[in-house]
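Listed below are the residues making up each chain.
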Number of protein chains: 4
Amino acid sequence: MPDDAPPPQKSAKSAASYCWSGSREALAARYADIRGQTEALAAPLSPEDMQVQSMPDVSPAKWHLAHITWFFETFILKPFDTGYREFHPDYNFLFNSYYEAIGPRHERPNRGLISRPPVADILDYRAHVDAAMTGLIAGASENLWGEICGLIELGLHHEQQHQELLLMDIKHVLSCNPLYPAYDATLANGSGAAASPLGWHDYGEGLIEIGHDGSAGVFAYDNEGPRHKTWLEPYRLASRLVTNGEYREFIADGGYRRASHWLADGWGTVQEHGWTAPLYWREVDGAEGSGEFHEFTLAGLRPLDDAAPVTHLSFYEADAYADWTGKRLATEAEWENAATRMAADTGDNIEEGANLLAAGRLHPAPAGKANGAPTQMIGDCWEFTGTAYGPYPGFRAPDGAVGEYNGKFMSNQMVLRGACAVTPPAHVRATYRNFFYPHMRWQFGGVRLAEDV
Amino acid sequence: MPDDAPPPQKSAKSAASYCWSGSREALAARYADIRGQTEALAAPLSPEDMQVQSMPDVSPAKWHLAHITWFFETFILKPFDTGYREFHPDYNFLFNSYYEAIGPRHERPNRGLISRPPVADILDYRAHVDAAMTGLIAGASENLWGEICGLIELGLHHEQQHQELLLMDIKHVLSCNPLYPAYDATLANGSGAAASPLGWHDYGEGLIEIGHDGSAGVFAYDNEGPRHKTWLEPYRLASRLVTNGEYREFIADGGYRRASHWLADGWGTVQEHGWTAPLYWREVDGAEGSGEFHEFTLAGLRPLDDAAPVTHLSFYEADAYADWTGKRLATEAEWENAATRMAADTGDNIEEGANLLAAGRLHPAPAGKANGAPTQMIGDCWEFTGTAYGPYPGFRAPDGAVGEYNGKFMSNQMVLRGACAVTPPAHVRATYRNFFYPHMRWQFGGVRLAEDV
Amino acid sequence: MPDDAPPPQKSAKSAASYCWSGSREALAARYADIRGQTEALAAPLSPEDMQVQSMPDVSPAKWHLAHITWFFETFILKPFDTGYREFHPDYNFLFNSYYEAIGPRHERPNRGLISRPPVADILDYRAHVDAAMTGLIAGASENLWGEICGLIELGLHHEQQHQELLLMDIKHVLSCNPLYPAYDATLANGSGAAASPLGWHDYGEGLIEIGHDGSAGVFAYDNEGPRHKTWLEPYRLASRLVTNGEYREFIADGGYRRASHWLADGWGTVQEHGWTAPLYWREVDGAEGSGEFHEFTLAGLRPLDDAAPVTHLSFYEADAYADWTGKRLATEAEWENAATRMAADTGDNIEEGANLLAAGRLHPAPAGKANGAPTQMIGDCWEFTGTAYGPYPGFRAPDGAVGEYNGKFMSNQMVLRGACAVTPPAHVRATYRNFFYPHMRWQFGGVRLAEDV
Amino acid sequence: MPDDAPPPQKSAKSAASYCWSGSREALAARYADIRGQTEALAAPLSPEDMQVQSMPDVSPAKWHLAHITWFFETFILKPFDTGYREFHPDYNFLFNSYYEAIGPRHERPNRGLISRPPVADILDYRAHVDAAMTGLIAGASENLWGEICGLIELGLHHEQQHQELLLMDIKHVLSCNPLYPAYDATLANGSGAAASPLGWHDYGEGLIEIGHDGSAGVFAYDNEGPRHKTWLEPYRLASRLVTNGEYREFIADGGYRRASHWLADGWGTVQEHGWTAPLYWREVDGAEGSGEFHEFTLAGLRPLDDAAPVTHLSFYEADAYADWTGKRLATEAEWENAATRMAADTGDNIEEGANLLAAGRLHPAPAGKANGAPTQMIGDCWEFTGTAYGPYPGFRAPDGAVGEYNGKFMSNQMVLRGACAVTPPAHVRATYRNFFYPHMRWQFGGVRLAEDV
């Protein structure tokens, strides 16, 4: 989900199916809290940092701040707040991400060229929209409230999704600077802890159900449903993510030089780009082949922690590594089956104790001890699955702009599951389907091994 | 399967699991028959025709004639025929298709640059190998026979697969010539018959099995197994393929100009290449927008037959068309489930009466009347499914070069099922999995609609 | 000269051949004045504006501010000021433009990705270097003064050259913004004056001399010499530059749609990029073909002034326009011969009254009345010549880094002469050779017609 | 002149200015002779060889045979022979090279895709046109003769030019084949002779004239005139071409790894393509860095002859080599001045004894002894000059299609002078201007050093 969350519309089933059950005051407080978190994440960045787009997939931080505000303005304030005054007539063109149904928009690869409006204007834009949203939440009639409560919820999830994107993107931006500047140099360093030993958890065969049940009273994106049956053969999952140290052995064994481990497209990508290690690994002193690596993190360049999970590799690398070990990646159904059992055991508090954004590390950490269930299922790294991203049986994209959100990306991408060290805790679900093209590496992707029993 | 069949090895499970059950004389006759068919297909072509490579995906006809011969030489004669004398030391480099394990090879996009050896030498090469193969079939000891009978079978399937590729490829070559020359101008023209009306066939929910059962005594490629359980929701399939006339309505309705029907990658491809119709449609008099089309066929340029199935479109176009109708494409499990029932009804003679290579049309024909089962399931056009090509549960690629055949292509491609008007009849199975990248159009792909019940 | 001025070295003949003849106090004042002008030009720009690189040829304003400071630090302070303390060890890598001899450097197309150091640090860097330079100018021994006075002069010319580049570049950056923001919205608008009528000035045949005479006590770049003989046939020059109104007639007559006026490479470029007008022209209301244009200027988008010179076209367009009129472009020798006579008439004050940077318009203006000599020879627009940029007879590039300045660009580019509306007045000479690739358009290039007598 | 000769028109000055002064019978014999030579050059090639286009700059041999025939048909038979019957209506589209004025044409990079018409048809086409031409030469009225005699001459020069192109092109085609097949394996091998020692010839300063004088009764292309004055400083030319052995020293000294010898565009080209030696050099056993080379020739792969001239390098390499020696390339005026003196000494028989096509070697040979004048000025290799290809003073491209021949290529290319080992003798003139882009290498280009006195 490299870019964006669904633009809600009145007809949007997935949005309409969920409404905040607490008080309006509580929602207003939550709105203020999430909006404030976004600004706090941008606080360490200079106007120059927030301007840069380091590749077409990346958006400038300034654009993120504006786009998520445009979302509330376009889908809630303009259609439902009769007294709302548009902040600027050109912002709809500049800050629409990809909705063909909303009309023409600025080309994605050129987002970094738009030096004006400056960051200060975007902050004014945020304040303008926040004031209107706060007023609307407090003052909407009950009828209106029924129409917009689901959309507000969607807007907040959208904002949280962009919090993760903002951090992924600024990490890439800063990594392009030969000075390797830190987003926040004070972030906790590696603990020095060893990773727990690799164990296995077994799961039996059976006809299970996966996917989100729209009636459950929990928010979900449209691509997480419908809930449906699927048959699983017996399998097992590794107790934790693959570590940097384990991945170094793959490299040392010539993993990047031997075609036999790779999918044909993956091998082509390795040759084309000259990959020899994950995206942010840097060999010490430029002595290529030395095998001594540093890793660029949001805290700057640091010695590679062998105990921490390997991250920022592509699906192709994850798959080749799994092949090298004689194992494989899990399917998304296998992963969700395991996560659902874990959720049942923890009373659905699957994010508790997980290394997510709130933990403040902004980097994967060594696995702790597994207690009856795999550890690191949530947090640390999004986990590559061997499943191509496609529609669940019975899926129909909603009509209108909202239909563009997930359905139109259902080709050529692979599903990732879980969450990572920069995912907001409230944005985590066992049914969540993340997806990236198999060559992409700037997301916090990691590897959990699986095998047939 | 744009290129090639599996290079057998002794360890190859799929090859070893099947051995010709008839007499050696009968196999020798079948060998001679298939090899002769290939040469008959090349007979209408001049040396110049056989030299051209019109795009990287296409191979020159001369290369096909040599590569399938190299296959017998490399995997059977060299390892098993102690008296065999290699025809030419450089041919292994020139005619290896993509087997990394076999060593370096000539680059695929440059196959058309190799003017020498000339066609005459390749025919000598064929004769040389045929003589040795004939001797080996007759004279091998019983022990040796046990080792090679499966490999010979594989080589023959490989040759048949390349018969289809040779025709697909030469069609593309000739289409690049502004004179639109015919491969064979005497091919039967459209019958003038109308297509049967579009009906629907319903299938119930249930836990079914798909895939090839290795023990069944029928040859199959490795990617067709293992046989495994899968759950199906109730669905229905259209009684026949979508016609040119139906597809013209999609075009007339602005199908190629409206993003909402398309996958995002598909829409990007349409924009990039300026697609406005299937690959071989040509507007009359170049009057773009007139809606009067001709179609380039192996018989040359002909007026578009509205009753014939639309063909030579990409997965993206097939999917967009289905979206426009409010339906969808079938999954490969849905397709195979229907084909299996049909096979049961016909005593496995699914290719009987089908429009395959032996029918001599070399082009899809209007659907006849459906009798209780969907028609055109086999022949006319390969049918796009909505399933991404990946490994079946429990699939492991065999070791060695044979492992490169199918497994390494399991990313970014889509499954097609059935067979087409240039597929040899003996090359047809209900479990057969064909696959192409979603933007590819030069194969004979077509559309059958499906929907949820 | 898209990028940069020569890095001086002790051996640099062109630098050594000239030394400031005034007092040290006067040079210190001039140093302060020029450095201050640069900062004044950057003053209207936000940190976001100064970060953007809109294409590989463009550098961010922040980079310009730093690079010209690096020049003084690298070529004067480090080698000659024993007490100098380097400002930052990484700046040599970041702010070297293209000198292979100086060592590795940051890749040009990625200058816009370097958000740190921020603008504030660059201003500190400037102050640090300015303090050291001021001290050095005041305190250098007489011996040292002899060594560095020419280098200081070179550094100041380099800085002036970058003042022009900074404005060219920021114009391109702002033009990529769909809001068309102004660099300075208060700039003088078109006067409403008509252009003077087009007349002609004749020049006779003869063996003349062109190029800079190194002994003349006037600063020049190495590529302006040696002074040498060349033979001219009789010719005439137009009395002024071609206007927007005249160029519109070329467009209206199908100039961009008819191959016969174009060089083959030019026609290919027109097709590839879909050019239909000069770089910064925009058709009103997007009504392509309407012929009503606005022009983007440093003051924002303004109605096209038919009387002003056409600018921001490529050599290919200049040449095609000239062909359409039945005339041609002048050679650089023809241009310099005319300019030299004009200089003789004006006592070398060729920049007096010219529309240069000091005039504060930052855009070409309609031609005034010509008095005996062509007008607009200096200022308004750089004038395309029909001469490929190459070495003068006897030219040898100096050794060392300085040798990379001009010599290595002597292929595939065309010479432009004169100066433009954003050139600093003191940077103007009749012998000055500017050069750009024939497809480039973001410099202020214009057209003066010539013909054989 | 990578492609083609000028399409004559009645208005074409250069064509009209020359008419064959001998008898019609003699011209008919010359016509038959030249046409027959072309077919003799194609005789060693198979239909497959004649089909291949190995890069966009190369044309298939079959296309050459057809295009030069189209030239006579289009510019002489169709307009002037009222009884002429067009051979095939599509050939005008297929075999027009680049004349925009003649109408649409098949795209150059796709010439190799046109397998039909086959070679046999092209030979029929040639015979058809030859019969008509022979009839026209014999039977034209005197008036008509006056109109067409210059055009016939032009057609014959055009044919000769394509004889050279055919050999250049087929050499490139065969070089792409890993078997390195020979065009003619019986060609004379290197003599084993040493090259004559390198000497120098001096030339004084002065105002000279170069270019072709249209009234001289000798055929020339339009770009060779007008004859005009130019001033030369004193200079000297090397007595022979640079040898392979001398060029190997440049390589051994790191010439391809050191930026300082190269033009910036040349250095970029070296990096982009990874050049380490001239186009057709191959290191023995693939042991890169060994310094032991073979060279691909029209006789196949042969050990590199140190005494023979280095050939098949680009302008960039020629210029870098000259820089490495501390010398330079000559200007075209310097070269022509020397050649003109030589011609005066030899009574204009400058091609006598030269290693041209008629010598039958088809490869440059070691220089013999120089007698008072530089040797190898004509033949062996085209000599790179340091002069960008542009119009001579007073040059105006003729109106109509003929105007497209030379004028439209006058940007971005460099002039080469002399002739090479595959140039027909009658196609040689001291004023002849050949031209190629500076990165091109498949022509027989070589290096003669020059320097200032």
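Before going into details, it helps to say that this report is about the structure given with it.

What counts and how
- Residues numbered from 1 in each chain as written.
- Chains lettered and ligands numbered in written order.
- Predicted model: local features only at pLDDT ≥ 70, side-chain atom pairs only at ≥ 80, totals over all residues.
- Heavy atoms only, no water.
- Helix = DSSP H or I, 4+ residues; strand = E, 2+ residues; numbered from the N terminus.
- Rg over C-alpha atoms; globule rule 2.2 N^0.38 Å.
- Buried < 20%, exposed > 50% of the residue type's maximum accessible area, 1.4 Å probe, protein only.
- Contact = heavy atoms within 4.5 Å.
- Areas by Shrake-Rupley, 256 points an atom, 1.4 Å probe, with all protein chains shown as cover.
- Lys, Arg positive; Asp, Glu negative; His and termini not counted.
- Charge placed at Lys NZ, Arg CZ, Asp CG, Glu CD.
- Least-squares fit on C-alpha atoms with pLDDT ≥ 70 in both.
- Pairing = 2+ DSSP bridges.
- Buried area = accessible area lost by both parts, 1.4 Å probe.
- Salt bridge = Lys/Arg side-chain N within 4 Å of Asp/Glu carboxyl O.
- Nonpolar A, V, L, I, M, F, W, Y, C, P; charged D, E, K, R; others polar.
- Axes fitted to C-alpha atoms, helices over the stretch in contact; angles between N-to-C directions.
- Phe/Tyr/Trp six-rings, centres within 6.5 Å; stacked < 30°, edge-to-face > 60°.
- Lys NZ or Arg CZ within 6 Å of the ring centre and 35° of its normal.
- Polar contact = N/O pair within 3.5 Å; in protein donor to acceptor, adjacent residues only side chain to side chain.
- Disulfide = S-S within 2.5 Å.

**Notes on the overall build of chain A**
Right, so step 1: In terms of helices and strands, chain A carries 10 helices and 13 strands.
Right, so step 2: Whereas a compact globule of 453 residues would reach a radius of gyration of roughly 22 Å, chain A reaches 22 Å, a difference of no more than 12%.
Right, so step 3: With respect to the three principal axes, the spread of C-alpha positions in chain A is 65 × 55 × 40 Å.
Right, so step 4: Sorting the 453 residues of chain A into buried and exposed places 62% on the buried side.
Right, so step 5: The contacts of chain A with a sequence gap of at least 6 include a subset with a gap of at least 24, amounting to 80%.
Right, so step 6: By element, 51% of the accessible surface of chain A is carried by carbon and sulfur atoms, the whole surface being about 15700 Å².
Right, so step 7: Of the charged side chains in chain A, 35 are positive and 59 negative; the average position of the first set lies 1 Å away from that of the second.

**Points about the environment of Glu 25 of chain D**
All names here are of chain D.
Right, so step 1: Along the chain, Glu 25 turns up in helix α2 (residues 24–42).
Right, so step 2: A relative accessible area of 60% places Glu 25 in the exposed class.
Right, so step 3: Glu 25 sits 84 residues away from Pro 109 along the chain, and the two C-alpha atoms are 40 Å apart.

**Observations concerning the relation of the copies chain D and chain C**
Right, so step 1: Expressed as a screw transformation, the operator carrying chain D onto chain C has a rotation angle of 180 degrees and an axial translation of 0.0 Å, and the superposed copies differ by an RMSD of 0.1 Å. In the structure described here, the two chain copies are related by an operation that fits a two-fold rotation axis. Of the C-alpha atoms belonging to chain D, the one lying closest to the rotation axis is found on Asn 412 of chain D, 2.5 Å away.

**Notes on the relation of the copies chain A and chain C**
Right, so step 1: In the superposition of chain A on chain C (RMSD 0.0 Å, axial shift 0.0 Å), the rotation amounts to 180 degrees.
Right, so step 2: Of the residues that chain A buries at the interface, 100% are likewise interface residues in chain C, meaning the two copies contact each other through the same surface.

**Here's the deal with the pairing of strand β4 (residues 235–238) of chain C**
Residues and elements named next belong to chain C.
Right, so step 1: Examined bridge by bridge, strand β1 (residues 200–203) and β4 share four bridges and lie antiparallel to one another. Across the sheet, the residue bridging to Tyr 203 is Tyr 235, located in β4.
Right, so step 2: Two elements, β4 and strand β13 (residues 449–452), share three bridges in a ladder whose sense is antiparallel. Considered in β13, the bridge of Tyr 235 is made with Asp 452.

**Some details on the interface of chain A and chain C**
Right, so step 1: Residue-level contacts link 31 residues of chain A with 31 residues of chain C.
Right, so step 2: Between chain A and chain C the total buried area reaches about 2300 Å² when both faces are included, carbon and sulfur atoms providing 62% of it.
Right, so step 3: Counting the surface chain A buries against chain C, the share from its top three residues, Glu 48, Leu 113 and Arg 116 of chain A, is 32%.
Right, so step 4: Linking chain A to chain C there are two salt bridges.
Right, so step 5: For the salt bridge of Asp 49 of chain C with Arg 116 of chain A, the shortest nitrogen-to-oxygen distance reads 3.0 Å.
Right, so step 6: At the level of elements, α4 (91–95) and α6 (142–175) of chain A are the ones that each hand at least two residues to the side of chain A that touches chain C.
Right, so step 7: Its residues assigned to classes, the side of chain A that touches chain C shows 19 nonpolar, seven polar and five charged.

**Considering the sheet that holds strand β12 (residues 445–446) of chain C**
Residue and element names in this part refer to chain C.
Right, so step 1: If you trace the four strands from one edge of the open sheet to the other, you get β11-β10-β9-β12, paired in mixed fashion. Edge positions in the sheet fall to β11 (434–436) and β12, since each of these pairs with one other strand and no more.
Right, so step 2: Pairing geometry for strand β9 (residues 382–388) and strand β10 (residues 414–418), over four bridges, is antiparallel. Its bridge partner being in β10, Phe 384 is matched across the sheet by Leu 416.
Right, so step 3: The strands that helix α10 (residues 332–346) touches are β9 and β10; relative to β10, the one it contacts most, it runs at about 10 degrees.

**Section: the sheet that holds strand β5 (residues 281–283) of chain A**
Residue and element names in this part refer to chain A.
Right, so step 1: Reading across the sheet, the three strands line up as β5-β6-β7 and stay open at both edges, with antiparallel pairing between neighbours. Lying at the two open borders of the sheet, with one neighbouring strand each, are β5 and β7 (300–303). Each strand of the sheet is rotated relative to its neighbour by a mean of 35 degrees, with strand direction disregarded.
Right, so step 2: In terms of strand pairing, β5 meets strand β6 (residues 293–297) through three bridges, oriented antiparallel. Bridge pairing links Glu 283 to Phe 293 in β6.
Right, so step 3: Contacts from helix α7 (residues 244–252) reach β5 and β6 within the one sheet, and its direction differs from that of β5 by about 55 degrees.

**Things to note about helix α9 (residues 315–325) of chain C**
All names here are of chain C.
Right, so step 1: Listed as buried for α9 are Phe 315, Tyr 316, Glu 317, Ala 318, Ala 320, Tyr 321 and Ala 322.
Right, so step 2: In this structure, the buried residues of α9 make contact with α7 (244–252), α8 (264–273), β8 (328–329), β9, β10 and β13.
Right, so step 3: Backbone geometry just downstream of α9 places Gly 326 in the positive-phi region, at approximately 85 degrees.

**Here's the deal with the environment of Asp 319 of chain B**
Residue and element names in this part refer to chain B.
Right, so step 1: For Asp 319, the location among the structural elements is in helix α9 (residues 315–325).
Right, so step 2: Each C-alpha atom of the pair Asp 319 and His 261 lies 8.1 Å from the other, and the pair is 58 residues apart in sequence.
Right, so step 3: Filtering out sequence-adjacent residues up to four positions away, Asp 319 remains in contact with His 261, Leu 263 and Leu 329.

**A word on the environment of Cys 176 of chain D**
Right, so step 1: Turning to its location among the elements, Cys 176 of chain D is positioned in the loop between α6 (142–175) and β1 (200–203).
Right, so step 2: Note on Cys 176 of chain D: relative accessible area 22%, which makes it partly exposed.
Right, so step 3: Once the C-alpha coordinates of Cys 176 of chain D and Met 55 of chain D are considered, the two residues, 121 residues apart in sequence, prove to be 10.0 Å apart.
Right, so step 4: Beyond its immediate chain neighbours, meaning those up to four positions away, Cys 176 of chain D contacts His 106, Leu 113 and Ile 114 of chain B together with Ser 54 of chain D.

**Focus on the pairing of strand β9 (residues 382–388) of chain A**
All names here are of chain A.
Right, so step 1: Most of β9 is tucked away, with five of its seven residues classed as buried.
Right, so step 2: For β9 and strand β12 (residues 445–446), the ladder comprises two bridges, and the chain directions are parallel. Bridge assignment links Glu 383 to a residue of β12, and that residue is Gly 446.

**Observations regarding the packing of aromatic side chains**
Right, so step 1: Taken as a whole and judged by the stated rule, the model has 124 aromatic pairs over all chains.
Right, so step 2: Look at Trp 382 of chain C and Tyr 432 of chain C: their rings are 5.6 Å apart centre to centre, the planes differ by 40 degrees, and that puts the pair in the tilted class. Of this pair, Trp 382 of chain C sits in strand β9 while Tyr 432 of chain C sits in the loop between β10 and β11, placing them 50 residues apart in sequence.
Right, so step 3: Within the aromatic cluster, the residues linked to one another by ring pairs are Tyr 247, Phe 250, Tyr 256, Trp 262, Trp 267, Trp 281, Phe 293, Tyr 321 and Trp 324 of chain A.
Right, so step 4: Across from the ring centre of Tyr 221 of chain A, 5.6 Å away, lies the NZ or CZ of Arg 429 of chain A, which sits over that ring.
Right, so step 5: Between the NZ or CZ atom of Arg 441 of chain D and the centre of the ring of Trp 275 of chain D, over which it lies, the distance is 4.0 Å.

**Some words on the interface of chain D and chain C**
Right, so step 1: Between chain D and chain C, the contact holds 27 residues from the first and 27 residues from the second.
Right, so step 2: Both sides of the chain D and chain C interface together cover about 2200 Å² of buried area, and 52% of this is carbon and sulfur.
Right, so step 3: Summed over the shared surface of chain D and chain C, the result is zero salt bridges.
Right, so step 4: Applying the counting criterion to the chain D and chain C interface returns nine residue pairs in polar contact (both at pLDDT 80 or more).
Right, so step 5: For the side of chain D that touches chain C, the elements supplying multiple residues, two or more each, are β3 (228–232) and α8 (264–273) of chain D.
Right, so step 6: With three residues, the single largest contributor to the side of chain D that touches chain C is α8 of chain D.

**Describing unusual backbone geometry**
The bulk of non-glycine residues show a negative phi, and the bulk of peptide bonds are trans.
All names here are of chain A.
Right, so step 1: Between Arg 116 and Pro 117 the backbone carries a cis peptide bond, its omega angle lying at 0 degrees.
Right, so step 2: For Pro 117, the location among the structural elements is in the loop between α4 and α5 (119–139).
Right, so step 3: Unusually for a residue other than glycine, Gln 376 sits at a positive phi of about 65 degrees.
Right, so step 4: Positionally, Gln 376 belongs in the loop between α10 (332–345) and β9.

**Re the pattern of salt bridges**
All names here are of chain A.
Right, so step 1: Summed over the entire model, instances satisfying the criterion amount to 92 salt bridges over all chains.
Right, so step 2: As a salt-bridge pair, Arg 30 and Glu 153 come within 2.9 Å of each other at their nearest N and O atoms. Within this pair, whereas Arg 30 is found in helix α2 (residues 24–42), its partner Glu 153 is found in helix α6, the two being separated by 123 residues in sequence. Judged on exposure class, the residue Arg 30 and its partner Glu 153 are both buried.

**Observations regarding the state of the cysteines**
Right, so step 1: What the rule picks out here adds up to zero disulfides over all chains.
Right, so step 2: Of all cysteine sulfurs in the structure, the one in Cys 420 of chain A sits closest to Cys 176 of chain A, which takes part in no disulfide; the separation is 19 Å.

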